[in-house]
Amino acid sequence: MPPLLSIDLHNGVPAYRQIMDQIKLQIATGLLPPGSELPSTRALSADIALNPMTISKAYSLLERDGVLERRRGQTLIVRERPAEAQQTARLDPLRQQLTAAAHLAKQLDVPPAQAVKLFRELLDS
Amino acid sequence: MPLRAYLTLLRPVRTLLLGLINSGCCGVLFLRYCGNCSLAEALYFTCVIVGPLIFGDLLAGPAHEFMNRSVFPLIPGARRQLRRQHLHGLLALAALLLAAASAVPSEFPLAAQLGLIAAGLTLPLLNSRRVGWSYFVLLLLISPLLTTGPRETFVAACQAAPWAFLSLGLLCAGFCIRHIFSASFAGNYWKMSYVVSIQTLAPFYDTTMMQRRREDNERRAIAKRTRPEREWRIAAVGTSVREWSRAIRHARFGGTSWLWSEPGIVAFCAFPVIVYGAIPLVFAYFGRGNAISLQEYCGMLIAGAHGTELASSPGHFAFTSLPYTSIMVTMFASSVAAVPTTRFPLSRRRLADSLFVEMLRLGALGCLGFALAYVVVIVGAVLVTRTPIDYSLFARALSHIRILPTVVLLGIAFVFSTVRYRWMASFGGYLLWAAVGGALGGLAMAITESILGAYIWLPGLILSAWLARTAIRRYYATHDLNRLMPWVARFAGRCA
Amino acid sequence: MPSPALAPAPTAPAADTADASPVVLRSITQRFGKHTALSDVSLALPAGRIIGLLGRNGAGKTTLLHIAAGLLPPTSGACTTLGTPSGKLDTPQLTRLGLVQQEGRYLEWMTVRQHLDFNASFYPSWDRDLEKRLLEALELDPKRKIVQLSPGDRQKVGILLGTCHRPALLLLDEPISSLDPIVRRRLLDFLLELLRDDGTTVVISSHILNDVEKIVDWVVALEAGELVENSPFDLLQESYAEWTLTSAAGALPPSFAEPFVLQQQSNGHQAVLRVRTTDTEAAARLAAAHRAELRTRPLNLDEMFPLLTDQRRRRS
C-alpha cells in the first residue's frame, strides 16, 4: 500500500527532507513494514503533485542511508534493518520533538525533575 | 479649473502654430491656387470661414480628449470649469480672427462676419468621434461654394440680412456648446472609444498613442463584426517560403472577408487617380470665367496621355500623380509587416523572405489598381470626346505605370532601412519620403522616356527587388520581434 | 569582504554542464536607450528542471526570457538556446521551444479554436489530446473571439499556444497572475506532468511566490539587471533560517556583526536573526559565544525573497 505523505511546501523545510522524515517515521511506526514496495518517482509525483526531482532526491538519499533498497532494477522496497538501527530510527523523531520541549522548559525555569514528571503523566494518559 | 491647468491641457503655442500652418495651407494657398481667388479674397475667407473651422477644431481637441478619459466624471465641477475655459478660448480666438479679418478690405458686414466666425469656431465641437479627415472634407465641400458660381449669392445674402447670419451663428454656437458640455453627453463620452487630440500627436504623430487608439478601435470593430472570416484549412505548414507567406497572409487578412481585402486594395489604389483627375475637373468646370466643359476636359486628358511635359493642364496632372501616389502602394505593401508574429517557428531570414513574398503580392495588386484606374479614365475620356479609339493611347498611358513597381520596391527598401530613425514614422517622415519618392519617380520617368529606358527597365526592377529584399532581411535579422514597426502599425488599420 | 559562509557570487557555467543546458547566457548586457535592463548576466540553466525566475518588477526577467527565446538580440554578449545561437534559431529549434508572454499579441479576430488550429499547423508535435485536456482544465471556451476575452482568459490562450506542442524548453512569463486559485493549481499540475513525461525544462517567472514554491526545484534571481542567485531550491531552503536567541545569562549585544546575519532585531534579552549560511555549526557556535539558547526556524520563499534580492547591494 503506498504511503500517505503530507508535505507542507510553505514552511521552508525542503520537500525532500520532509519526504525522507515522513517515510522514516512510517517505517519506524510500522506503517511501512520491511519488504513493502514504494511507488515509483513518477507515480508518487503524480499522486501528491510534487516535483519529481524532489522525490528522486529523497529516494536516492534514503537508499544511500540504507533505509531503502532497489530490487529487480527499478522498484524500491523497505529494507530489513537490524534491531539497534530500528531502535535509533524510533528514537530520532522523538528526540527532535523533545528538543524544543527541553528548550521551553529551560526558558520557563521548570526544574528537570518536574518536567520529566509531566512527561510521564502525559505518557500514561 | 485654474487658467494654468487649462493651458497645460491646451498647449497654446502648439495650437497656434498648427492653426496658422493649417490655415495657411488649407485656407490661403488652397483657395488662391485651386480656387482662383485673389489673395485678398483668399485671406478674407480664411479668416472668416476656413480659419474658424480649423481653430475651432484645434480648440475642441483638448476638450474632447479630457472628457474622454475615465477620470473625468470623478473630478468635481470639471465639466462646468472646462466649459468656462473653453468659452474664454473661443472669445480670444474670435477676437483674433475678427481683427485679422478687419485688416482685409471686404464687402461683408461686421454682423455677418461675427455670425460666421461664431458658427465656424463651434461646429467642430460636434465632431466628437474626432474623425481626422472630417474637416478636410468639409473644406473640400465649402471651397467650391466660395470660389465659384454660388459665391455671388452667398455674398448677397450676407449683405442683405447680416443680422440673420449673426443670430444663426450665435444660435449654432450656443447649441454646440450646450450639447457637448451637457451632463448627459459628458456622462457617456468617457465610455466611448479612445480619442486623442492633434496637439498630443504633433509634431511627430506619436505612434504609441496612435497605436493605442488603433487597438482600441479595432477591438470594438472586431467585436461587432459578423461578416464571415476565412478558413484556415491547411493541416501542416511545411518549410517552404510559399507556404509561410500564405500563413502570414491568413494572419494579416484572415479577419476580413475576401470581398473586402484584395479587391479593396485594388479599389483603394485606383481611387486617388480618379480623385486627382476629378478635383481639377470640378474647379475647371465651376471656375469663374474659366469654365471648361466636360468634353474639353476629356480632350485635355487624352492630350495629356500623349504628351510628355509635366503638369501643364488639369488633365495631365492626373497622369503625373503617379510617383506621389506610389507612396500608398508602398504603405499597403509594407503593412504586411504589421502581423504579430506570435512567434512563428521560423528563422528570421525565412520570416523576412515570406514577408517579402507577401509584400510583392500586395504591391502587385496595388499597381493593378492604378493600371485599371488609368484604363477606366482613358476609356471614359474617349467615350465622352467620341474620338476613335487609338490603342497607342493605352500603351502610352500604361507605359507610365511601368516605373511604379520599381518606385514601390525602392520605397520598401527605404522604409525598412530607415526604421531605426524614429522620426521617420512621423508626418515629417512622410513628407521626406514623398519628396524622395516624387523625385525618384520623376527621374525614372525621364530616364525611361528615352530610348535607353527600354533596356534599363528590367535590370532596374530586378535591382530594386534585390535592394528591398536585402533591406527587409537585414531589418529582421537584428530587430526586436516584439515591437511592431511603428509606421506600418499605424497604417495596418482595421485589417489585422 | 564576504565570509566563507556567505554564498559566493554566481559564476559562469562549467564547460561540461554548458553543453547539455537548454539556455546558456554569456555576459549578456541589454540596454534600451539609457536604461540598462540586464548587466553582464551569465548562467547556464539546468536541463529537465522547473526553474523559478524571481525578481522585482523591472529586474529584467521579461528581458531575459525574450533574449532566451530569440525575440530580442542582446546589446552585447551571446545567448545559446537549445544548442543554437539565439539570433539564428530556426524551425527545428523553435518547434521545441514554447514561450508564454506576459502581454502577448494574438490574432484578435480569431476565435480560440481557430487560433489553436492555425498554430497547430506549424508544429508537427502538436498534441491534440493535451490541448483538449488543457482547455477543459483552464475552463476556456474555444468558441469565443480572442478580442472579447478578459485578461485572465487571454493569459490562458497564451498558455495553450505555448504549451500544446510539448516543447522541450518552456518559458513562462507571469502565466498565473490572472488565474483563479483552482485553475492555477491545475496549471501547475500540468507543468509537473510535462516535466514528468517529457523531461521539459520549465522556466516560470512569477510574483506569486506561494505557487512558485510548490513546484520549482531551481531558483534564478535577478535584481536590477544583475544575477544574484542561481542555485537549487532546497539548497536555499537549507541555507536560510531564522534564529531566535534567548539570553540565559545577561544581555545580548545590540547588534551582531557576523557576515551571515542578514537581518536582525534585538532588544537585549532576545534577538531574532535572519541568516544565510551552509555552516551547520554556526548556530551552535553563536549560541555558545553569547551563552544563549538558540531556536531555528526555516524560512519560506516569501520571507527569503527580500533577503535574496538584497544580496546585490550587500555584495557591493
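Computed from a predicted model, the values in this text were never measured in an experiment.

**Thoughts on the overall build of chain C**
Alright, step 1. What chain C contains, in helices and strands, is 12 helices and 14 strands.
Alright, step 2. Counting only C-alpha atoms and orienting by the principal axes, one finds that chain C spans roughly 75 × 40 × 40 Å.
Alright, step 3. Here chain C, with 316 residues, has 60% of them falling under the buried criterion.
Alright, step 4. Considering only contacts in chain C between residues 6 or more positions apart, those separated by 24 or more positions represent 70%.
Alright, step 5. Here chain C displays about 12800 Å² of accessible surface, and carbon together with sulfur accounts for 51% of that area.
Alright, step 6. Looking at chain C, you have 34 positive and 37 negative side-chain charges, and the mean spots of the two groups are 4 Å apart.

**Describing the pattern of salt bridges**
Alright, step 1. In the structure shown here, the tally under the stated rule is 34 salt bridges over all chains.
Alright, step 2. In this structure, Lys57 of chain A and Asp234 of chain C form a salt bridge, with 2.9 Å as the shortest nitrogen-oxygen distance. You can see Lys57 of chain A sitting in helix 3 (residues 52-64) and its partner Asp234 of chain C sitting in helix 9 (residues 233-239), one on each of two chains.
Alright, step 3. On the accessibility criterion, Asp234 of chain C (14% relative accessible area) is buried.
Alright, step 4. Between Arg166 of chain C and Asp127 of chain C there is a salt bridge; the shortest N-O distance is 2.8 Å. Of this pair, Arg166 of chain C sits in the loop between helix 6 (151-163) and strand 7 (169-173) while Asp127 of chain C sits in the loop between helix 4 (112-120) and helix 5 (128-138), and the two are 39 residues apart along the sequence.
Alright, step 5. Judged by its relative accessible area of 24%, Arg166 of chain C is partly exposed.
Alright, step 6. Classification of Asp127 of chain C by relative accessible area gives buried; the value is 19%.

**A closer look at the interface of chain A and chain C**
Alright, step 1. Counting residues at the interface gives 21 residues for chain A and 26 residues for chain C.
Alright, step 2. Between chain A and chain C lies a buried interface of about 1900 Å² when both sides are counted; carbon and sulfur atoms form 49% of it.
Alright, step 3. A per-residue breakdown of the area chain A buries against chain C is headed by His10, Asn51 and Met53 of chain A, which together make up 27% of the total.
Alright, step 4. One can count three salt bridges joining chain A with chain C.
Alright, step 5. Between Lys106 of chain A and Glu293 of chain C there is a salt bridge whose closest N-O contact spans 3.7 Å.
Alright, step 6. Counting across the interface, chain A meets chain C through 10 residue pairs in polar contact (both at pLDDT 80 or more).

**Here we look at the interface of chain B and chain C**
Alright, step 1. Listed as interface residues are 33 residues of chain B and, on the opposing side, 31 residues of chain C.
Alright, step 2. For the chain B and chain C pair, buried surface summed over both sides reaches about 2900 Å², with 56% attributable to carbon and sulfur atoms.
Alright, step 3. Taken together, chain B and chain C are joined by one salt bridge.
Alright, step 4. Between Asp90 of chain C and Arg350 of chain B there is a salt bridge; the shortest N-O distance is 3.9 Å.
Alright, step 5. On the surface where chain B and chain C come into contact, there are six residue pairs in polar contact (both at pLDDT 80 or more).
Alright, step 6. Broken down by secondary-structure element, the contributors of at least two residues to the side of chain B that touches chain C are helix 11 (207-224), helix 12 (241-253) and helix 17 (348-385) of chain B.
Alright, step 7. Class assignment of the residues belonging to the side of chain B that touches chain C gives a composition of 17 nonpolar, nine polar and seven charged.

**So, the side chain of His64 of chain B**
Residues and elements named next belong to chain B.
Alright, step 1. With respect to the helices and strands, the residue His64 is situated in helix 3 (residues 39-67).
Alright, step 2. Given the relative accessible area of 0%, His64 is considered buried.
Alright, step 3. Here Leu125 takes part through its backbone oxygen, which lies 2.8 Å from a polar atom of the side chain of His64.
Alright, step 4. Residues in contact with His64, not counting those within four places in the same chain, are Pro124, Leu125, Asn127, Ser128, Arg130, Ile180, Tyr189 and Val195.

Conventions and cut-offs
Residues numbered from 1 in each chain as written. Chains lettered and ligands numbered in written order. Predicted model: local features only at pLDDT ≥ 70, side-chain atom pairs only at ≥ 80, totals over all residues. Heavy atoms only, no water. Helix = DSSP H or I, 4+ residues; strand = E, 2+ residues; numbered from the N terminus. Buried < 20%, exposed > 50% of the residue type's maximum accessible area, 1.4 Å probe, protein only. Contact = heavy atoms within 4.5 Å. Areas by Shrake-Rupley, 256 points an atom, 1.4 Å probe, with all protein chains shown as cover. Lys, Arg positive; Asp, Glu negative; His and termini not counted. Charge placed at Lys NZ, Arg CZ, Asp CG, Glu CD. Salt bridge = Lys/Arg side-chain N within 4 Å of Asp/Glu carboxyl O. Buried area = accessible area lost by both parts, 1.4 Å probe. Polar contact = N/O pair within 3.5 Å; in protein donor to acceptor, adjacent residues only side chain to side chain. Nonpolar A, V, L, I, M, F, W, Y, C, P; charged D, E, K, R; others polar.

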